[in-house]
Amino acid sequence: MAKSKFEYVRLFEADDRCLPNTWIVVRVDGKGFHKFSTEHEYEKPNDIKALSLMNRAATSVMEEFKDVCLAYGQSDEYSFVFRKETQAYSRRSAKLSTNVCSLFTSAFVYYWNEYFPTSKPRYPPVFDGRTVLYPSNQNIRDYLSWRQADCHINNLYNTTFWTLILKGGLTPAEAESKLKGTLSGDKNEILFSQFGINYNTEPEMLRKGTVLVRRKIPVALPNGGTREKSQIVQEHVDIIGDEFWNTNTHLLTVT
Ligand code: GTP
Ligand code: MG
């Protein structure tokens, strides 16, 4: 078919293919979730229903994008790590970030009712998305460590802050000034000595966030035998130290 005279405008589209042989991470982050969480009465400091909905939406992304080998989520954000050699969308950056972000957002709304059965979203939630490249295994590990350290720092602060308010009767301003300049040991001490809370026994999903990986799980067959099936599983484990990576060497190995 003859091309129209307008065809040339295609040339204005920039080639945004990601460099070969690099880890591709797409991170989505809730827009204005400080407000969204308040408007939807998320429990403070953590709402297990809301975090579980985030995990469900991220699972939808991994079900659709088979080249995502690992995802990590905490608070209102999720990071999706694509295999280093993925050819999904010819590695086009905007295609990857917009498709992941769009599916994550629609799944968040689609599954809302399973986690918040008595309420509807009061307005459409928005997530931003970005694609970032990491050239070395150390870089991708450091990226994930950065996000998990962020989870730890924020969660310890928020847990102490809200305990001072909800159990200690402080105002938000008083709690803020009490925590100003404190180190993590001080916060652990406040929780333990004033409220009998051992931070280390708080649920791991809250302290460590959620890692999604694919694992071969034995499933029962009608004839009584079993078959291994790849399933997406949630783990709330440390990904900063070496142990996780030593027991999951396949994740960083290019096949
Ligand atoms: P932008 O991302 O810049 O648009 O701002 P934001 O308001 O989304 O803030 P940010 O992404 O930095 O932080 C996420 C915010 O979501 C937190 O500060 C909390 O206010 C809120 N949030 C996330 N998870 C929970 C939760 O489980 N419970 C409650 N109460 N709030 C949460
Ligand atoms: Mg946000």
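Residues numbered from 1 in each chain as written. Chains lettered and ligands numbered in written order. Predicted model: local features only at pLDDT ≥ 70, side-chain atom pairs only at ≥ 80, totals over all residues. Heavy atoms only, no water.

**Focus on the overall build of the protein chain**
Alright, step 1. Of the regular secondary structure elements, the protein chain holds 9 helices and 6 strands.
Alright, step 2. Principal axes of the C-alpha set define a box for the protein chain whose edges measure 75 × 55 × 40 Å.
Alright, step 3. Classification of the 255 residues of the protein chain by burial places 42% in the buried group.
Alright, step 4. In the protein chain, once contacts between residues fewer than 6 apart in sequence are set aside, the share between residues at least 24 apart is 69%.
Alright, step 5. For the protein chain, the accessible area works out to roughly 14600 Å², and carbon and sulfur atoms hold 54% of it.
Alright, step 6. The average position of the 32 basic charges and that of the 30 acidic charges among the side chains of the protein chain differ by 6 Å. (Helix = DSSP H or I, 4+ residues; strand = E, 2+ residues; numbered from the N terminus. Buried < 20%, exposed > 50% of the residue type's maximum accessible area, 1.4 Å probe, protein only. Contact = heavy atoms within 4.5 Å. Areas by Shrake-Rupley, 256 points an atom, 1.4 Å probe, with all protein chains shown as cover. Lys, Arg positive; Asp, Glu negative; His and termini not counted. Charge placed at Lys NZ, Arg CZ, Asp CG, Glu CD.)

**Re the packing of helix 2 (residues 48-64) against helix 3 (residues 93-110)**
Alright, step 1. Two numbers describe how helix 2 lies on helix 3: the axes approach to 8 Å, and their chain directions differ by 135 degrees. It follows that helix 2 is oblique to helix 3 by the angle criterion. Where helix 2 crosses over helix 3, the two elements pack in a sense that is right-handed. Where helix 2 abuts helix 3, its residues Leu53, Met54, Ala57, Ala58, Ser60, Val61 and Glu64 lie against Val100, Leu103, Phe104, Ala107 and Phe108. (Axes fitted to C-alpha atoms, helices over the stretch in contact; angles between N-to-C directions. Parallel < 35°, antiparallel > 145°, perpendicular 65-115°, else oblique. Left-handed = near helix turned anticlockwise from the far one by under 90°.)

**Here we look at the sheet that holds strand 4 (residues 127-134)**
Two modes of strand pairing occur in sheets, parallel and antiparallel, and in both the strands are linked by backbone hydrogen bonds.
Alright, step 1. Across the sheet, which stays open at both edges, the 6 strands sit in the order 4-1-3-2-5-6 with antiparallel pairing between neighbours. Strands at the two margins of the open sheet, each flanked by one partner only, are strand 4 and strand 6 (226-235). In this sheet, adjacent strand axes meet at a mean angle of 25 degrees when their direction is disregarded.
Alright, step 2. Direction of pairing for strand 1 (residues 23-30) relative to strand 3 (residues 77-82): antiparallel, over a ladder of 6 bridges. Bridged to Val25 within strand 3 is Val81.
Alright, step 3. The sheet strands contacting helix 2 are strand 2 (68-74), strand 3, strand 4, strand 5 (210-220) and strand 6, and the helix crosses strand 5 at an angle near 70 degrees.
Alright, step 4. Seen against the sheet, helix 5 (residues 137-166) touches strand 1, strand 2, strand 3 and strand 4 and runs at an angle of roughly 25 degrees to strand 2. (Pairing = 2+ DSSP bridges.)

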